[in-house]
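Examining the three-dimensional arrangement
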Amino acid sequence: MKKLIQEVIELDKQAQAEISLLKKEKEELFLAIKEMRQSMTKAHKKTLEAEIKRIEEEAQARYEARLKDIEDKAASKTANIEKYYAEHKDAWLADLLEFISSSKEGDAS
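This section reports on the structure supplied with the text. (Residues numbered from 1 in each chain as written. Predicted model: local features only at pLDDT ≥ 70, side-chain atom pairs only at ≥ 80, totals over all residues. Heavy atoms only, no water.)

Topic: the overall build of the protein chain
Note the threshold: In DSSP terms, a helix is any run of H or I states spanning at least four residues, a strand is any run of E spanning at least two, and both are numbered starting from the N terminus. Residue burial considers only the protein chains on display, and all accessible areas are found by Shrake-Rupley using a 1.4 Å probe. Lys and Arg are tallied as positive, Asp and Glu as negative. Neither His nor the chain termini are counted. Just so you know, the charge point we use is NZ for Lys, CZ for Arg, CG for Asp and CD for Glu.
Tallying secondary structure elements over the protein chain gives one helix and zero strands in all. When its C-alpha atoms are laid out on the principal axes, the protein chain stretches across 150 × 25 × 10 Å. Total accessible area on the protein chain stands at roughly 10600 Å², and carbon and sulfur atoms take up 60% of it. Averaging the locations of the 21 positively and 24 negatively charged side chains of the protein chain gives two centres separated by 12 Å.

Below is the structure:
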């Protein structure tokens, strides 16, 4: 009977040792998972930041290209207006002077 009790006590000690090892392994796994999660979060954050930066740069490039296109069109329209004015200025002034003089003659009558 004594031998049986000693075997049970020995088995209990072995079970307790295995339980302690399992608890220790569980804690190590928990810490490893926590580190992996932090590492993944950092890597994900870096990836997101890189993607955001790429999108911002792309948007800036599109904005600058669109702005240049608009400025070019505005400059072209301005040049066309100035050319059209220069071509017709004399005729417009002559028409204006004629209108003024004809309205003065109409007032005199």
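A look at the packing of aromatic side chains
The cut-off we apply is this: Pairing of aromatic rings covers Phe, Tyr and the six-membered ring of Trp, with a centre-to-centre limit of 6.5 Å; geometry is then stacked below 30 degrees between planes, edge-to-face above 60, and tilted otherwise. Note on exposure labels: buried denotes an accessible area under 20% of the residue type's maximum, exposed denotes more than 50%, and partly exposed covers the range between, all computed with a 1.4 Å probe on protein chains only.
Applying the stated criterion across every chain, the model contains two aromatic pairs. An angle of 50 degrees between the planes, with centres 6.0 Å apart, marks the rings of Tyr85 and Trp92 as tilted. Tyr85 gets classed as partly exposed once you look at its relative accessible area, which sits at 46%. Owing to a relative accessible area of 40%, Trp92 belongs among the partly exposed residues under this scheme.

Digging into the pattern of salt bridges
Operational definition: Counted as salt bridges are all cases of a side-chain nitrogen of Lys or Arg within 4 Å of a carboxyl oxygen of Asp or Glu.
Counted under the stated rule, the structure contains five salt bridges. Here Arg54 ties to Glu58 by a salt bridge, and the two come within 3.0 Å at their closest N and O atoms. Here Arg54 and its partner Glu58 are both found in helix α1 (residues 2-108), four residues apart, which amounts to about one turn of the helix. The salt bridge involving Glu58 is made with Arg62; its shortest N-O contact spans 3.0 Å. One end of the pair is Glu58 and the other is Arg62, both in helix α1 and four residues apart, which spans about a single turn. Arg62 gets classed as exposed once you look at its relative accessible area, which sits at 53%.

Overview of the environment of Gln16
Mapped onto the elements of the fold, Gln16 is located in helix α1. Separated by 37 residues in the primary sequence, Gln16 and Lys53 place their C-alpha atoms 55 Å from one another.

Quick word on a nonpolar patch on the surface
Keep this limit in mind: For patch detection, residues must exceed 30% relative accessible area and be free of salt bridges, and they are connected within 9 Å for like charges or within 5 Å for nonpolar side chains (Val, Leu, Ile, Met, Phe, Trp, Tyr).
Residues Met1, Leu4, Ile5, Val8 and Ile9 make up a contiguous nonpolar surface patch of roughly 530 Å² in combined accessible area. Tracing the sequence through the fold places Leu4 in helix α1. Note on Leu4: relative accessible area 51%, which makes it exposed.

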